[in-house]
Amino acid sequence: MCGIVGMIGQLGTKDMVLKGLETLEYRGYDSAGIALHTGEEVVVYREKGRIADLKQHVPTQADATLGIGHTRWATHGRPSKRNSHPHQDSTGRLTIVHNGVIENEKQIRHEYLSDITFVSDTDTEVIVHLLSKLLAKSGNMSAALIELQTILHGSYALAIIDREQPEVLYAVKNKSPLLIGKGEGANYLGSDALAMIEQTKHFYELNDGEFALLTKQSVQIFSKTGSLVDRETYEAQIDANDLAKGPFKHYMMKEMHEQPAVIRRITKAYLTDENETRIEDAILTALRQAKRLFILAAGTSYHAGLVGKQYFETMAQIPTEVHIASEFVYNMPFIPEGSFFIFISQSGETADSRAALVAIRERGFEALTITNVPGSTLSREANYTLLLHAGPEIAVASTKAYTAQLTVLALTAAAIKQYAIDLKLELARVATAMEHICEMSEQFEMLAQNYFAHGQHAFYIGRHVDYFVALEAALKLKEISYIHTEGFAAGELKHGTIALIEEGTPVIGLISQQAIANHTRSNLQEVSARGAHTATVVFESLAQSGDTIIIDDVHTLLAPLVMVVPVQFLAYYAAYIRDCDIDKPRNLAKSVTVE
Ligand code: F6R
């Protein structure tokens, strides 16, 4: 959570930093701030709220050749102006922005900073005062940064300005993402390449513990102990156009519409013209040797993992467990020898998943990360990576990344024992079915008006894989429309939760599997008899008169890929009708880099 940006070398820094922060708003958006070095002094502007609010308080004529900025998702202290970054030491010499969490901040306050009067509730302020003391002691910033890292415990990506060095921008990284962008006559830093993609496509990765010194002309990277590191840049495969909304009002709508193209792109990336897998032998060998698979993930990615279990057990006959990463790490189940781990993470930065990855690597197990972001932390720290090829997902609510995850999981599971399924053909059908669903947009808007314009509770129910889609449907609806929604195994409602059904409670049944169709319909009857306002999303071959949303059939194993699209649209329109901030729902952030 939180996004940081920095630039050194040319005028235009203020605009670059503010624009970069807007790009990073998906990482948090409860307050923001920038600091500009005018050559003599460092001027700080901070505001509660969005970058748009901050912009109103930064004078148009303000500019500099050195600046840093921050967009916040509060961890320590409420969202407020006083807690927003940048933070400064007592003398105003040092100014920093920070993404991460300092775990031993209380101990540092007690041991090193008992004489300091703090002006915020943040852990970040601890860093800047501590660094100030270390700098005063050694008189040398590199020495101070080396010592700082021996004291700090936790995650931190830092950008630091020293008022006495207007030609230098410092960066430090541990566990939180940070990239350095190499420009012409200017250099940059940011939590994500997207923040600098208009300026450069060439980036240096920083490893945990490393720090960097950026000037107008140069980037020097140092190890934790201060030795110079020789590092090449890499070229990011991102197009600045990926950031445009195109004809759509919201990124979420754009990303839902991109799904058919994403499915086709993944099929091309993972299957040859002859329908052979392109997945590396090393990955397939590791999977073939696995006696048990553990899939770990959070949120939407966890829901994708539930479908993934179905794929690995059906297509590859490998027993598979799916765990919520944040639970797994502190309450590990018995892990037999020969187990292999799969981490699913759109961002590749989720702290809960990373903590689990570190724990299982320490125990000697191998892991594969399935992620949308090449070079992300989970990708770098796992043994193997499979990319989603979904393009940047900017809306906080995940849509195309979920369907991309299911596609990559299906392609991987099928490749292990060459399961008899023509995935090229079946995924092409999925893409076409998705296109048809996108054309039903108006119908979804009417339904959302009918079911979700008022009221505070709703249910999605399903059996078999439809249950997993019901979980995802509920998450989508609640996170952007704030309607309290439960995804339920249809047969389980009557064991207690049916007590919540009142006159008009929306209950939507998902039906894509013949074997359970009648059972789910019976469960809908049961709630309807108690006043629920029911609807169905159903495969054409299973449709009956009175069904609400009828979609094209696809291969039953791939059903979740299409069943989820109507419920994404319903969530979108529910949020739209209720005037919610669709791309940036309250309290959330896209990249959850705190545990
Ligand atoms: C919901 C959503 C979240 C993420 C979760 C994990 O729409 O996007 O539930 O799925 O925070 O994030 P990743 O996949 O980046 O690990």
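Residues numbered from 1 in each chain as written. Predicted model: local features only at pLDDT ≥ 70, side-chain atom pairs only at ≥ 80, totals over all residues. Heavy atoms only, no water.

### Brief notes about the site of the ligand
Defined as follows: If even one non-hydrogen atom of a residue comes within 4 Å of a molecule or strand, that residue is called near it. The term polar contact refers here to a pair of N or O atoms within 3.5 Å; inside protein, the definition further demands a hydrogen-donor-capable atom paired with an acceptor-capable atom, and it admits residues adjacent in sequence only when both atoms are side-chain atoms. Note that accessible areas follow from Shrake-Rupley with a 1.4 Å probe, and for residues the cover is restricted to the protein chains shown. For every domain, the bounds stem from an assignment made automatically or drawn from a database.
Looking at the ligand, there are 15 residues lining it, with Ser-301, Ser-345, Ser-347, Thr-350 and Glu-479 nearest. Residue Thr-350 places a side-chain N or O atom 2.4 Å away from an oxygen atom belonging to the ligand. Within the backbone of Val-396, a nitrogen or oxygen atom sits 3.5 Å from an oxygen atom of the ligand. Protein chains shield 89% of the accessible area of the ligand, which is 400 Å² for the free molecule. In this structure, the shell around the ligand is formed jointly by two domains, domain 2 (245–437) and domain 3 (440–579), each of which donates at least three residues.

### What about the domain arrangement of the protein chain?
Stated formally: Residue contacts follow a heavy-atom distance rule, with two residues in contact if any of their heavy atoms lie within 4.5 Å. As used here, buried area is the combined drop in accessible area, with a 1.4 Å probe, of two parts when they are placed together. Here a salt bridge means any side-chain nitrogen of Lys or Arg lying within 4 Å of a carboxyl oxygen belonging to Asp or Glu. Numbered from the N terminus, helices here are DSSP runs of H or I no shorter than four residues, and strands are runs of E no shorter than two. Residues are grouped as follows: nonpolar covers Ala, Val, Leu, Ile, Met, Phe, Trp, Tyr, Cys and Pro; charged covers Asp, Glu, Lys and Arg; every other residue, Gly included, is treated as polar.
The domain architecture assigned to the protein chain consists of domain 1 (3–241), domain 2 (245–437) and domain 3 (440–579). Taking the mean C-alpha position of each, domain 2 and domain 3 sit 25 Å from one another. Across the boundary between the two partners, domain 2 contributes 36 residues, which contact 30 residues of domain 3. Between domain 2 and domain 3, a total of about 2900 Å² is buried, with carbon and sulfur atoms accounting for 73% of that surface. The interface formed by domain 2 and domain 3 holds zero salt bridges in total. Our count for the contact surface shared by domain 2 and domain 3 stands at 11 residue pairs in polar contact (both at pLDDT 80 or more). At the level of secondary structure, the elements contributing two or more residues to the side of domain 2 that touches domain 3 comprise helix H6 (251–257), helix H7 (259–270), helix H9 (299–315), helix H13 (400–416) and helix H14 (423–438). Along the lines of polarity and charge, the residues of the side of domain 2 that touches domain 3 split into 20 nonpolar, 13 polar and three charged.

### Topic: the packing of aromatic side chains
The condition that has to hold: Pairing of aromatic rings covers Phe, Tyr and Trp, the last counted by its six-membered ring, and requires centre-to-centre distances within 6.5 Å; plane angles under 30 degrees mean stacked, over 60 mean edge-to-face, and any other angle means tilted. Residue burial is assigned from relative accessible area. The probe radius is 1.4 Å, only protein chains are included, and a residue is buried under 20% of its type maximum, exposed over 50%, and partly exposed in between. For a lysine, the NZ atom is tested; for an arginine, the CZ atom; a charge sits over a ring if that atom is within 6 Å of the ring centre and within 35 degrees of the ring normal.
Under the counting rule described, the total for this entry stands at 14 aromatic pairs. Ring geometry for Phe-341 versus Phe-365: centroids 5.6 Å apart, planes at 55°, classification tilted. Taken as a pair, Phe-341 in strand S18 (residues 339–345) and Phe-365 in the loop between helix H11 (351–362) and strand S19 (367–371) lie far apart in primary sequence, 24 residues in all. Summarising the burial analysis for this pair, Phe-341 and Phe-365 share the class buried. Ring geometry for Tyr-572 against Tyr-576: centres 6.1 Å apart, planes inclined by 10°, an arrangement best described as stacked. Linking Tyr-572 with Tyr-576, this pair stays in helix H18 (residues 559–577), spanning four residues, or about one helical turn. Taken together, the ring pairs connect Phe-294, Phe-328, Phe-341, Phe-343 and Phe-365 into an aromatic cluster. In this arrangement the basic side chain of Arg-109 is found over the ring face of Phe-118, its NZ or CZ atom lying 4.2 Å from the centre.

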